[in-house]
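Working through the structure, step by step
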Amino acid sequence: MLIPTEPIGSIPRSPELLQGLTAFASGRISQAELDALTHAAIADTVSRFEATGSPVVTDGEQAKSSFATYPLDGATSLAGDGAVIPFADGHTRQLPRLTEGPFRYASFAEKYFRGVSEHTHLPVKQAVIAPSALSLLYPADGIAGYSREEFIADLVDQSEADIRRCLDAGAASVQLDFTEGRLSLKLDPSRGLLRSFVDLNNQVLDRFSAEERTRIGVHTCPGGDQDSTHSADIDYAELLPDLFALHAGRFYLQLASEPDRERVLGIIGEHAPSDARVFVGVIDPIDPRVETAEEVRDRVLQAARFIPADRLGTCDDCGFSPFADDTSTSRDTAFAKIAARVEGTALARAELGG
């Protein structure tokens, strides 16, 4: 399909599921009761995706506590005082800290793929966390008897398994969430940290064949939690040349919320690999206003001036609710925006002859 369109990931959890999560945390409902609410939320999410005409669906991350930490669900050997991620509005998110090795995923994304597949015959996309994000679990002062080198070796193995299990189960595509890429430039303007992240992610990507990598993509954005970002003040020109050194077949780039899209598209056109498909964000999940299909169409046509149409796709800038407790956007608004993306991309496709 000329100019495919895909969601990025999270959808605001259903009201019933949010209530269930609160009740479960306080011991008022059982795991089985929470599982039933989660199953219903996934079924409703898929049904609403299909109603928008979306050619690709996800589970909206209804079952994930967060996009970043799902591999740690049920894990031990963790403390709560890990790396802190500050957002522009003043709120923070904090990662756990690994206390001992060996590092192993306690949960794999394959289970989310299987959970949504039973509700649809459409292609299913599965998001996973990039290994670079999980590398932040290892403490700066080290772990006695478990070196950083040993940790990285284990992390690469586990990340490969996370992706491969999704591909082998039948996922149409797998997306690595790499929101820490832009943030790394705020922490280290020399690009040293960013390039170490790229090298680490490539250690995993290089374990897949060229054909497999056409189904593996990388998503980047400046964060999007509680209608706030963590690194939107970092110039894309500082990130994109190194980002495109990732050995992925697809790139999903936040763009709708950029103040100067034309400039960024020029950078993309200059640096994007000639054999990769670039999905540009045409919907801003943080903006409460629902974009019109015509606005989306115009954004796609603008992008097509810089990216060949046979290598262009569209997406949302980011997930709508990357953490389960983020209720800043309503479920109805999220699906209205997705419908606008699908319709607007179709309008642009028609104008471009596809």
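Here is a short report on the structure shown in this document.

Definitions and limits used
Residues numbered from 1 in each chain as written. Predicted model: local features only at pLDDT ≥ 70, side-chain atom pairs only at ≥ 80, totals over all residues. Heavy atoms only, no water. Pairing = 2+ DSSP bridges. Helix = DSSP H or I, 4+ residues; strand = E, 2+ residues; numbered from the N terminus. Contact = heavy atoms within 4.5 Å. Axes fitted to C-alpha atoms, helices over the stretch in contact; angles between N-to-C directions. Core = buried A, V, L, I, M, F, W, Y, C linked by side-chain atoms within 4.5 Å. Buried < 20%, exposed > 50% of the residue type's maximum accessible area, 1.4 Å probe, protein only. Arc of directions from axis to C-beta. Phe/Tyr/Trp six-rings, centres within 6.5 Å; stacked < 30°, edge-to-face > 60°. Lys NZ or Arg CZ within 6 Å of the ring centre and 35° of its normal.

Here we take up the sheet that holds strand β6 (residues 125–129). Across the sheet, which stays open at both edges, the seven strands sit in the order β1-β11-β10-β9-β8-β7-β6 with parallel pairing between neighbours. A strand with exactly one partner marks an edge of an open sheet, and here the two such strands are β1 (5–6) and β6. Pairing geometry for strand β9 (residues 250–253) and strand β10 (residues 277–283), over four bridges, is parallel. Bridging across to β10, leucine 253 finds its partner in valine 280. Against the sheet, helix α11 (residues 293–304) engages β10 and β11 (312–316), with an angle of about 150° to β10.

Turning our eyes to something else, we now look at the nonpolar core. One finds Phe103 and Ile268 to be the most contacted residues of the largest nonpolar core, which totals 83 residues. Of the residues forming this core, the biggest block, seven residues, is contributed by helix α5 (residues 148–169). Beyond its immediate sequence surroundings of up to four residues, isoleucine 268 is in contact with Leu240, Phe244, Leu253, Val278 and Ile307.

What helix α1 (residues 15–25) keeps buried is the set Leu17, Gly20 and Ala23. Angularly, the buried residues of α1 cover 120° about the axis, an arc narrow enough to put them on a single face. Pointing more than 90 degrees away from the buried face of α1 are the exposed residues Gln19 and Ala25. The secondary structure elements touched by the buried residues of α1 are α2 (31–51). One or two residues past the end of α1 sits glycine 27, with phi positive at roughly 80°.

A word on the packing of aromatic side chains. Tallied over the entire structure, the rule returns ten aromatic pairs. Ring plane angle 85° and centroid distance 5.5 Å describe the contact between phenylalanine 49 and phenylalanine 335, whose orientation is recorded as edge-to-face. Within this pair, whereas phenylalanine 49 is found in helix α2, its partner phenylalanine 335 is found in helix α12 (residues 331–351), the two being separated by 286 residues in sequence. Using a relative accessible area of 4% as the deciding quantity, one classes phenylalanine 335 as buried. Cluster of aromatic residues (ring-pair linked, three or more members): Phe103, Tyr105, Phe108, Tyr138 and Phe151. Between the NZ or CZ atom of lysine 125 and the centre of the ring of tyrosine 252, over which it lies, the distance is 3.6 Å. If you follow arginine 165 out to its NZ or CZ, it ends over the ring of phenylalanine 108, 4.1 Å from the centre.

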